[in-house]
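Take a look at the letters that make up each chain.
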Amino acid sequence: MSQALLAGLWGLVGGAALLIGSAIAWWFKVPTKVTAAVMAFGAGVLISALTFELVEKAEEQGGLLATLGGALFGAFAYLGANMVLARHGARHRKRSGSQQPSEADQQGSGTAIAVGALLDGVPESIVLGLGLVGGAAVSPAMLVAVFISNVPEGLSSTSGMKRSGRRAGYVFGVWGAIAVVSGLASLIGYLALQSAPGEVIAFITATAAGAILTMVADTMVPEAFDEAGQYSGIITTVGFLAAFSVHVVGG
């Protein structure tokens, strides 16, 4: 199989985890505290992955300035897009409680939530494609991190969607579309940057890292802390160490 097809496949696999989490939340009643605990674990996994698999490698490949610039650009770009979506009802798209508005509460919120979910997932997928640039294999630690973190994201967000009255067609349509777009984003990331200079790849990688870290702090940590309370910190640490272990063993 060609590297390009592999890039698309791994992006699709990472995105499919959202569907798995969504299906669990739709068909089974998952206690809110369990959802929050899994979200805290996923947050720790992502923080570890972006530290060792993205920022560190970006600095090695393109230098400190490209890495810092990319990370700040990604953080501000995500913040700006998220602020726009928040005004249209997508602020609590990852919350499992009753925070998400229904379409009756705020018209257009369904579209905003769908776009917000896409905003959250694309940076991770692009990174998976970038990992194959130069004939390299996909990073096991990054793939595991994306997959593990996407399950609780899909689970928590779908719980909130269900509470707000969203129908199954909408819910699974959103996550199915995002899984497909994740595969395409990974494929495009590989094709567009396979001949790019190291500094450019480092900047794009760090951009994804900045966006992911901002997303974790803005949408995942609040859900984890509000429901898991004082235990959210230790659960996040366990997630961080689990992903770090995969990085060490896989590296």
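Cut-off values and rules
- Chains are numbered independently. Their residues run from 1 in the order of the written sequence.
- With the structure being a predicted model, the display of local features is reserved for residues of pLDDT at least 70 and the display and counting of side-chain atom pairs for 80 or more, all residues being used for whole-chain, interface and lining totals.
- Computation of side-chain values: all heavy atoms of the structure, hydrogens and water removed.
- Put simply, DSSP marks the helices as runs of H or I at least four residues long and the strands as runs of E at least two long, and each gets a number from the N terminus on.
- Working definition: with a 1.4 Å probe on protein chains only, accessible area under 20% of the residue-type maximum means buried, over 50% means exposed, and in between means partly exposed.
- By definition in these notes, contact holds between two residues if any of their heavy atoms fall within 4.5 Å.
- The term polar contact refers here to a pair of N or O atoms within 3.5 Å; inside protein, the definition further demands a hydrogen-donor-capable atom paired with an acceptor-capable atom, and it admits residues adjacent in sequence only when both atoms are side-chain atoms.
- Interaxial angle, 0 to 180 degrees, is taken between N-to-C directions of lines fitted to C-alpha atoms, where a helix line uses only the stretch in contact.
- Relative orientations are named as follows: roughly parallel for angles under 35 degrees, roughly antiparallel for angles over 145 degrees, roughly perpendicular for angles from 65 to 115 degrees, and oblique for any other angle.
- Handedness of each helix crossing follows the sense of rotation of the near helix against the far helix: counterclockwise by less than a right angle gives left-handed, clockwise gives right-handed.
- Only Asp, Glu, Lys and Arg are considered charged in this grouping, and only Ala, Val, Leu, Ile, Met, Phe, Trp, Tyr, Cys and Pro are considered nonpolar; every other residue, Gly among them, is considered polar.
- The predictor reports its confidence for every residue as pLDDT, a score running from 0 up to 100.
- Side-chain rings of Phe, Tyr and Trp, where Trp is taken by its six-membered ring, are said to pair if the distance between their centres is within 6.5 Å; with planes under 30 degrees apart they count as stacked, over 60 as edge-to-face, and otherwise as tilted.
- A ring is considered to have a charge above it if a Lys NZ or an Arg CZ atom is located within 6 Å of its centre and within 35 degrees of its normal.
- UniProt positions are given in the numbering used here, feature names are shortened, and annotations may be inferred rather than shown by experiment.

1. Concerning the overall build of the protein
Logical step 1: A count of helices and strands for the protein gives eight helices and zero strands.
Logical step 2: N-terminal to C-terminal, the α/β element order of the protein is α-α-α-α-α-α-α-α.
Logical step 3: The C-alpha extent of the protein, read off along each of the three principal axes, is 50 × 35 × 35 Å.
Logical step 4: Residues counted as buried form 47% of the 251 residues belonging to the protein.

2. A closer look at the environment of Q106
Logical step 1: Within the fold, Q106 resides in the loop between α3 (64-90) and α4 (109-130).
Logical step 2: A residue is classified by how much of its surface remains accessible, and Q106, at 27% relative accessible area, is partly exposed.
Logical step 3: Sequence separation between Q106 and Y78 is 28 residues; the distance between their C-alpha atoms is 23 Å.
Logical step 4: Look past the residues within four positions of Q106 in its chain and what remains in contact with it is R87, H88, G89 and P101.

3. Topic: the side chain of S22
Logical step 1: By secondary structure assignment, the location of S22 is in helix α1 (residues 3-27).
Logical step 2: Classification of S22 by relative accessible area gives buried; the value is 0%.
Logical step 3: A polar side-chain atom of S22 sits 2.8 Å from a polar atom in the side chain of T158.
Logical step 4: In contact with S22, other than residues within four places in its own chain, are G154, L155, T158, V171, F172 and W175.

4. Points about the packing of α1 against helix α6 (residues 168-193)
Logical step 1: Running from N to C, α1 and α6 cross one another at 160 degrees; their axes reach a closest spacing of 7 Å. The angle between the axes of α1 and α6 places the two elements in the roughly antiparallel class. Between α1 and α6 lies a crossing of right-handed hand.
Logical step 2: Per-class residue counts for the contact of α1 with α6 are 19 nonpolar, nine polar and no charged.

5. What to know about the confidence of the model for the protein
Logical step 1: Summarising the model, the protein shows a mean pLDDT of 84, and 92% of its residues fall at 70 or more.
Logical step 2: Of all the helices and strands in the protein, α4 carries the lowest mean pLDDT, 78, while α3 carries the highest, 90.

6. A look at the packing of aromatic side chains
How two aromatic rings sit relative to each other is given by the distance of their centres and the angle of their planes.
Logical step 1: What the rule picks out here adds up to four aromatic pairs.
Logical step 2: Ring geometry for W26 against F172: centres 5.9 Å apart, planes inclined by 70 degrees, an arrangement best described as edge-to-face. Remark: F172 occurs in helix α6 and W26 occurs in helix α1; sequence separation between them is 146 residues.
Logical step 3: Both rings, one in F73 and one in F203, keep their centres 5.9 Å apart while their planes meet at 35 degrees; by these two values the pair is tilted. Within this pair, whereas F73 is found in helix α3, its partner F203 is found in helix α7 (residues 198-228), the two being separated by 130 residues in sequence.
Logical step 4: Overall, F203 belongs to the partly exposed group, its relative accessible area being 30%.
Logical step 5: One aromatic cluster is present, built from ring pairs that chain together F52, F240 and F244.
Logical step 6: Lying across the ring of Y170, R166 places its NZ or CZ 5.4 Å from the centre.

7. Side note on the UniProt feature "transmembrane region" (unreviewed entry) in the protein
Logical step 1: Within this numbering scheme, the UniProt entry marks residues 6-27, 34-52, 64-85, 126-148, 168-193, 200-217 and 229-249 as carrying the feature "transmembrane region" (unreviewed entry).
Logical step 2: Regarding residues 6-27, the helix share stands at 100% and the strand share at 0%, and the terminal C-alpha atoms are separated by 31 Å.
Logical step 3: Annotated as residues 168-193, this span is 100% helix and 0% strand, and its ends, taken at the C-alpha atoms, are 37 Å apart.

8. Remarks on the packing of helix α2 (residues 32-62) against α3
Logical step 1: Where α2 contacts α3, the two axes come as close as 7 Å, and the packing angle between them is 135 degrees. By the criterion of interaxial angle, the relationship of α2 to α3 is oblique. Contact residues: V55, A58, E59 and G62 in α2; L64, A66 and T67 in α3.

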